[in-house]
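What follows is each chain in one-letter form.
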Amino acid sequence: MQLRGPPSLRALLALSFAAVALLAAASAAMLGGAELGRRLEQREAEQVAGFARQLADTLDRGIDLRLRGLDAAGRLPTLRRPDASPDERRAVLSALQQANPEYAVVAFMAPDGRVAADSRGAFAGADASEREFFQVGRERPYVGDVHDAILLARLMGETAFGRPHRFLDLAVPVRAPGGELLGVLGAHLSVEWAREVKQSFADMLGAVNLADALVLSSEGKVLVGAPALEGQPVPTEPGLRRWPDGHTYIVGIAASRGHGDFHGLGWRVMVRQDAAAALAPLERLRRRILLWGLLATALAGGAGWVLAVAIARPQEALAAAARRAEVGGAGEAFGDTTGWYREARETAASLAAMVAGMRRGEAALREGEGRLRVALEAGGLGTWETDLGTGRSRWDARLAAMLGLPSEPVEVDGERLIGFIHPDDRGRVAREFAAATRSGAPYASEFRGLTAAGETRWFASRGLVLPAEDGAGRAIGVVRDVTERKRREEALREALAARELLQREADHRIKNSLQLVGSLLRMHRSRMEDREAVAALGDAIGRVDAVAQAHLALQQSHDLRTVDLGQMVRQLCARFGQLNPHVSSRCGAEGGLELDAERAIPLCLVVGELLTNALRHAYPPGATGSVSVDAMAADGVLTVTVADRGAGMAAEAGPSGLGSTVVRALSRQIGAEVATRSAPGQGTTVTLRLPLHAAAPPAQGSGCAETDTSADARASGA
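Sequence order as written defines residue numbering, which begins from 1 separately in each chain. Given that the model is predicted, a residue must reach a pLDDT of at least 70 before its local features are reported, and side-chain atom pairs must reach 80 or more before they are shown or counted; all residues, however, enter totals for whole chains, interfaces and linings. Side-chain measures were taken over the full set of non-hydrogen atoms in the model, leaving aside hydrogen atoms and water.

Draft legend 1. Local environment of a nonpolar patch on the surface. Surface patches are defined over residues having more than 30% relative accessible area and no salt bridge, joining like charges when they lie within 9 Å and nonpolar side chains (Val, Leu, Ile, Met, Phe, Trp, Tyr) when within 5 Å. Methods summary: accessible areas were calculated by the Shrake-Rupley approach with a probe of 1.4 Å, and residue burial reflects only the protein chains presented. Salt bridges, as used here, are contacts in which a Lys or Arg side-chain nitrogen is within 4 Å of a carboxyl oxygen on Asp or Glu. Where nonpolar side chains cluster on the molecular surface, the patch consists of Leu22, Leu290 and Leu294 and spans about 250 Å² of accessible area. Numbered from the N terminus, helices here are DSSP runs of H or I no shorter than four residues, and strands are runs of E no shorter than two. With respect to the element layout, leucine 294 can be found in helix α8 (residues 280-325).

So, in structure tokens, the structure goes:
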């Protein structure tokens with residue numbers, strides 16, 4: 001049996017016109033009906049929501065009115081007299097209950113919680129001290145949520161509908177004219193009052209298709225409503241909803257927000273309207289629209305067939321010309337195509353241009369492939385492509401040759417691909433590739449590979465993830481053998497490590513040599529009797545120790561190029577703090593504060609000189625005191641302060657001695673500004689400021705300005 005081909009364009013167009021007309025009619029019926037239904041539903045929902053708000057407001061106002069009435073009763077002279085008798089109070093309470101029959105009982109409780117009088121004369125002496133309405137009612141007006149009757153159940157029996165009695169608790173404090181608490185006036189408000197309010201509200205709206213009105217507790221259970229629903233939870237979603245009873249309702253909900261002194265109990269009022277009755281006019285309108293739509297479909301189908309024949313004839317000619325284009329030139333294929341409308345002629349011209357462009361693109365693609373091949377060969381690059389769905393990879397001949405395989409394209413699965421990666425690098429390479437496929441970011445990795453002969457070589461791979469709309473996509477990339485580069489890098493690292501080891505050994509030997517020099521100077525000083533010579537040797541020992549401490553800090557640095565200032569300053573204090581046992585030293589610096597080694601050693605000498613001078617000369621012999629050294633950085637400037645609270649010195653004291661010369665010379669060397677603030681009896685503070693990062697060395701003979709050259713004036717004898 002011969003299969004029929006696809007339908008002709010004219011048949012499709014005719015069917016399409018008819019289908020469009022039918023769809024338009026159906027859409028008009030559905031969309032128009034849906035819009036009208038939405039508006040009607042919205043109007044009905046707004047209406048029942050408004051009813052719910054009115055009923056909620058009526059209930060709130062009713063409770064507030066009764067709370068105010070109870071508060072007004074508590075201000076009656078009889079209840080506010082401390083010496084009023086129980087009978088007098090009972091008379092007032094009975095009158096209050098008769099005026100408000102919705103009250104089941106009204107009671108007056110003494111400050112200790114005992115019932116002093118009640119409207120029924122049945123609860124005198126009962127203890128209500130543990131009840132919430134009494135405890136809160138001592139302080140302020142109180143409204144308690146609905147609860148079942150306990151003591152009153154035996155006195156009142158059942159309601160007219162056989163339901164148990166339930167009440168709201170109302171309470172207000174009663175105070176004497178002087179303000180002292182006389183007791184609490186409380187009342188049980190029957191929930192039947194809310195039922196009557198709801199029923200009168202429903203009677204008022206009898207013209208509306210209302211199914212029911214419900215009052216819900218804060219827990220979503222029915223307090224007042226149909227007997228079968230009371231005490232049960234019900235759906236609380238507003239709008240058009242289908243209920244468990246099988247009926248569909250338009251539901252409106254409003255929250256009880258309180259009124260006046262009554263702040264609400266979390267109740268909600270629900271009004272539901274039968275949806276079938278409310279939306280009946282909509283169904284009749286939908287049927288009329290659909291009937292007229294069917295008539296319009298029949299007329300559109302006939303007109304569509306005539307128009308389809310006229311439209312399809314030029315398109316059929318274009319199809320024939322396209323078949324001829326497979327074997328002929330674009331001009332020969334489409335030059336004689338005509339049509340009675342502009343689009344057909346433009347389509348023919350566009351197809352001719354497209355065919356010519358495709359042929360030019362094929363030529364450019366072949367040229368680009370040739371250039372890519374030359375670039376890959378010149379760069380020694382191999383290419384790979386991985387199907388992210390199956391995990392299989394295709395390698396070109398150059399990549400296969402890199403791995404010791406025959407020089408021809410090869411396809412490998414994931415397990416075999418992993419085998420060509422060094423075991424120590426497999427996990428990392430897998431994580432990097434997985435991260436690139438998840439994020440779509442370019443993939444880059446360097447790893448060790450194993451050739452087919454077992455040789456370990458280094459490879460660098462770069463790639464891109466090409467996602468696919470209908471699957472996991474694929475990844476493409478290139479690989480380059482970087483073994484020689486890695487070997488050069490390893491040799492360079494070894495050379496740098498050897499240089500660092502040699503430098504640390506040199507600093508260690510310098511430090512030890514300086515310590516040996518210091519020890520020799522100390523031994524020589526111990527044999528001398530000339531005080532000036534002893535003092536001069538002491539200063540020299542201090543300077544040698546300062547240089548040794550700087551080299552120790554440099555030896556302990558992580559890169560031999562910078563020094564941890566905090567560590568260096570603390571070591572100086574620990575070393576020089578022994579010069580004067582009567583004076584304590586405190587040294588500190590911000591964490592992570594570092595300075596280059598070229599300036600750290602001179603700075604260490606300057607700080608050591610200032611610290612030595614302060615410890616020796618700031619305080620009289622035998623006097624106690626303290627010296628502080630602080631270092632901090634801000635806005636790229638390092639500030640080092642050496643301060644004491646000793647004798648100080650006069651402003652006219654001028655610099656002299658070797659110590660002053662050392663401080664000035666080394667400060668200029670490291671580009672530091674020196675400032676001294678001192679006065680007799682107020683101590684001395686010397687501040688060094690220098691750039692945190694080293695600048696280009698100054699020209700010969702230049703130096704930084706010194707704001708005060710008397711930094712070491714007090715040590716002029718040094």
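So that's the structure; there's more coming.
Draft legend 2. Spotlight on the packing of aromatic side chains. Stacked, tilted and edge-to-face are the three classes assigned to paired rings of Phe, Tyr and Trp, where Trp is represented by its six-membered ring and a pair needs centres within 6.5 Å; plane angles under 30 degrees give stacked, over 60 edge-to-face, the rest tilted. For the coordinates displayed, the defined rule picks out six aromatic pairs. A ring pair is formed by tryptophan 243 and tyrosine 249, whose centres lie 5.7 Å apart and whose planes are at 75°; its orientation type is edge-to-face. Per-residue accessibility, obtained with a 1.4 Å probe over protein chains only, is compared with the maximum for each type, and a residue is labelled buried under 20%, exposed over 50%, and partly exposed between these values. With a relative accessible area of 6%, tyrosine 249 lands in the buried category. For the ring pair tryptophan 384 and tyrosine 443, a centre distance of 6.4 Å and an interplane angle of 80° mean the geometry is edge-to-face. Here tryptophan 384 is found in strand β11 (residues 381-387), whereas its partner tyrosine 443 is found in strand β14 (residues 443-450), with 59 residues between them in sequence. Exposure class is identical for tryptophan 384 and tyrosine 443. Each is buried. Here a set of aromatic residues connected by ring pairs shows up, and it is made of Trp384, Phe433 and Tyr443. Placement of a positive charge over a ring is assigned whenever Lys NZ or Arg CZ falls within 6 Å of the ring centre and within 35 degrees of the normal to the ring plane. It is lysine 486 that lies over the ring of tryptophan 458; its NZ or CZ is 4.5 Å from the centre.

Draft legend 3. The pairing of strand β9 (residues 248-255), seen in detail. Whether two strands pair depends on DSSP finding at least two bridges between them. Two strands pair when backbone bridges link them, and strand β8 (residues 239-242) and β9 are joined in this way by four bridges, in the antiparallel orientation. Following the sheet pairing, arginine 241 is matched in β9 by tyrosine 249. Taking the residues that link successive antiparallel strands as the turn, the β8-β9 hairpin has five residues, and the phi of glycine 246 there is positive, at about 90°. Here β9 pairs with strand β10 (residues 268-274) via seven bridges, running antiparallel. In the strand pairing of β10, alanine 254 is matched with valine 269.

Draft legend 4. Inspection of the sheet that holds strand β20 (residues 625-634) at higher detail. An order of β18-β20-β21-β23-β22 is seen for the five strands of this open sheet, with the pairing classed as mixed. Since the sheet does not close on itself, it has two edges, and those belong to β18 (583-589) and β22 (673-678), each with one partner. Strand-to-strand twist in this sheet, taken as the mean axis angle between neighbours without regard to direction, amounts to 10°. Here strand β21 (residues 637-644) runs beside strand β23 (residues 684-691); their pairing, made up of eight bridges, is antiparallel. When the sheet's bridge partners are listed, threonine 639 is paired in β23 with arginine 689. Of the strands in this sheet, β18, β20 and β21 touch helix α16 (residues 565-576), which is tilted by about 170° from β18. Axes, fitted as lines to C-alpha atoms, cover a helix only where it is in contact. Angles between the N-to-C directions of the axes lie from 0 to 180 degrees. Any pair of residues with heavy atoms lying within 4.5 Å of one another is described as a contacting pair.

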